[in-house]
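Spelled out from the first residue to the last, the chains are:
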Amino acid sequence: DVKVTQSSRYLVKRTGEKVFLECVQDMDHENMFWYRQDPGLGLRLIYFSYDVKMKEKGDIPEGYSVSREKKERFSLILESASTNQTSMYLCASGTSGILYEQYFGPGTRLTVT
Amino acid sequence: SQQGEEDPQALSIQEGENATMNCSYKTSINNLQWYRQNSGRGLVHLILIRSNEREKHSGRLRVTLDTSKKSSSLLITASRAADTASYFCATVGGAYNTDKLIFGTGTRLQVFP
């Protein structure tokens, strides 16, 4: 079974802190994704990566950065956390090609106070 | 940006009844996928239908796709309390990079025992 793990299920940080969210997948997938999920807005893509050291902006990249030093690991960084970044963060991985599905981690509920 | 919109936003039914959820999207697609999310958890892939297919079945799930109307429906037959979850449609391809999934806002399904 594909497994996508995220470093924390719940996280509370203060405004202005630098926050790291880690995601690891064990299926050798090329593609990895970070989403945030907010009530009424569904899932919105923050960043994605097709390969090691490669990254592409999604729909809402402002205030975030990412790092992919190894194929299995994709990190989301909040450079200076703000209260409007309080959200559920979901990581996913998937293979390339048009006929593919994404495998999601359990999510990290981040609260910024 | 949101591609799909699910309808209804929320649905409550009794065990044993059928549940139908609809998804509309805006641009041409390569395929459409349905995902389920249990409360506070990650998403799980349910079924994928290609743009040249009109109907697909998987267990108690039946998905239809009408590309002329840019819409899809998910039918869950003989529902169970364990089907209680949010259901999202997601599209691949068309005007978007084929490796990105664009999610709708979801339908919350409540199945009462």
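Residues numbered from 1 in each chain as written. Chains lettered and ligands numbered in written order. Predicted model: local features only at pLDDT ≥ 70, side-chain atom pairs only at ≥ 80, totals over all residues. Heavy atoms only, no water.

**Q** Explanation requested: the overall build of chain A in the structure shown.
**A** Within chain A, the regular secondary structure consists of zero helices and 11 strands. Relative to a compact globule of 113 residues, whose C-alpha radius of gyration would be 13 Å, chain A shows 13 Å and is just as compact. Taken along the three principal axes of its C-alpha coordinates, chain A extends 40 × 30 × 25 Å. For chain A, with 113 residues in total, the buried portion stands at 49%. Summarising the internal contacts of chain A: among those between residues at least 6 apart in sequence, 55% fall at separations of at least 24. Accessible surface computed for chain A: about 5300 Å², of which carbon and sulfur atoms make up 50%. Side-chain charges in chain A split into 15 positive and 15 negative, and the spacing between the mean points of these groups amounts to 7 Å. (Helix = DSSP H or I, 4+ residues; strand = E, 2+ residues; numbered from the N terminus. Rg over C-alpha atoms; globule rule 2.2 N^0.38 Å. Buried < 20%, exposed > 50% of the residue type's maximum accessible area, 1.4 Å probe, protein only. Contact = heavy atoms within 4.5 Å. Areas by Shrake-Rupley, 256 points an atom, 1.4 Å probe, with all protein chains shown as cover. Lys, Arg positive; Asp, Glu negative; His and termini not counted. Charge placed at Lys NZ, Arg CZ, Asp CG, Glu CD.)

**Q** I tried to follow the nonpolar core on my own but got confused; where do I start?
**A** Burial of nonpolar side chains together is a common tendency in soluble globular proteins. All names here are of chain B. In terms of nonpolar packing, the biggest core is built from 22 residues, with L32, W34, L74, I76, Y87 and L109 touching the most fellow members. Those elements that place two or more of their residues in this core are β2 (10-14), β3 (19-24), β4 (31-37), β5 (43-50), β7 (61-66), β8 (71-76), β9 (85-92) and β11 (107-112). Those residues in contact with L32 that lie beyond four places of it in its chain are C23, Y25, I47, L48, I49, L65, S72, C89, A90 and T91. (Core = buried A, V, L, I, M, F, W, Y, C linked by side-chain atoms within 4.5 Å.)

**Q** For this particular structure, what's the right way to read the packing of aromatic side chains?
**A** Within a pair of aromatic rings, the relevant descriptors are the distance that separates the centres and the angle that separates the planes. Summed over the entire model, instances satisfying the criterion amount to nine aromatic pairs over all chains. Aromatic side chains F33 of chain A and Y35 of chain A sit 6.3 Å apart centroid to centroid with 25 degrees between the ring planes, which places their arrangement in the stacked category. Here F33 of chain A and Y35 of chain A have matching classes, each one buried. Cluster of aromatic residues (ring-pair linked, three or more members): F33, Y35, F48, Y50 and F104 of chain A together with Y35 and F103 of chain B. (Phe/Tyr/Trp six-rings, centres within 6.5 Å; stacked < 30°, edge-to-face > 60°.)

**Q** I would appreciate a short explanation of the pattern of salt bridges in the present structure.
**A** Any two side chains of opposite charge can pair, so long as their charged atoms come close to each other. On inspection of all chains with the given rule, the structure shows nine salt bridges over all chains. When the shortest N-O distance is used, the salt bridge between R44 of chain A and D38 of chain A registers 2.8 Å. What makes D38 of chain A buried here is its relative accessible area of 11%. With its nearest N and O atoms 4.0 Å apart, the salt bridge here joins E53 of chain B to K56 of chain B. The exposure class assigned to E53 of chain B is partly exposed, which follows from its relative accessible area of 21%. We classify K56 of chain B as partly exposed; its relative accessible area is 28%. By sharing partners, the salt bridges in this structure join R36, D38 and R44 of chain A into a single network. (Salt bridge = Lys/Arg side-chain N within 4 Å of Asp/Glu carboxyl O.)

**Q** Just to check I follow, could you spell out the side chain of Q37 of chain A for this structure?
**A** Along the polypeptide, Q37 of chain A turns up in strand β4 (residues 31-38). For Q37 of chain A, the side chain forms a polar contact with the side chain of Q37 of chain B, separated by 2.8 Å. Apart from residues no more than four positions distant in its own chain, Q37 of chain A is found in contact with G42, L43, S87, M88 and L90 of chain A together with Q37 and F88 of chain B. (Polar contact = N/O pair within 3.5 Å; in protein donor to acceptor, adjacent residues only side chain to side chain.)

**Q** Looking at this model, I keep getting lost on the layout of surface pockets. Mind explaining?
**A** In this structure, the largest pocket encloses a volume near 560 Å³. Taken together, 22 residues make up the lining of the largest pocket; nearest its centre are Q37 and P39 of chain A together with Q37, S86 and R108 of chain B. Among the elements of the structure, β4 and β9 (87-94) of chain A together with β9 of chain B are those that each provide at least two residues to the lining of the largest pocket. In terms of residue count, the dominant contributor to the lining of the largest pocket is β9 of chain B (three residues). Of the residues in the lining of the largest pocket, the class split is five nonpolar, 14 polar and three charged. The calculated volume of the second largest pocket comes to roughly 220 Å³. Lining the second largest pocket are 14 residues, and of these Y103, F104 and G105 of chain A together with L43 and V44 of chain B lie nearest its centre. Secondary-structure elements contributing two or more residues to the lining of the second largest pocket are β10 (102-104) of chain A together with β5 of chain B. For the lining of the second largest pocket, the residue count by class is seven nonpolar, four polar and three charged. (1 Å grid on protein atoms, 1.4 Å probe; cavity = no way out; pocket = protein on both sides within 12 Å on 5 of 7 lines; lining within 4 Å. Points joined across faces, edges and corners; volume = space filled by probe spheres on them. Nonpolar A, V, L, I, M, F, W, Y, C, P; charged D, E, K, R; others polar.)

Limitation: the analysis is restricted to geometry and does not speak to function.
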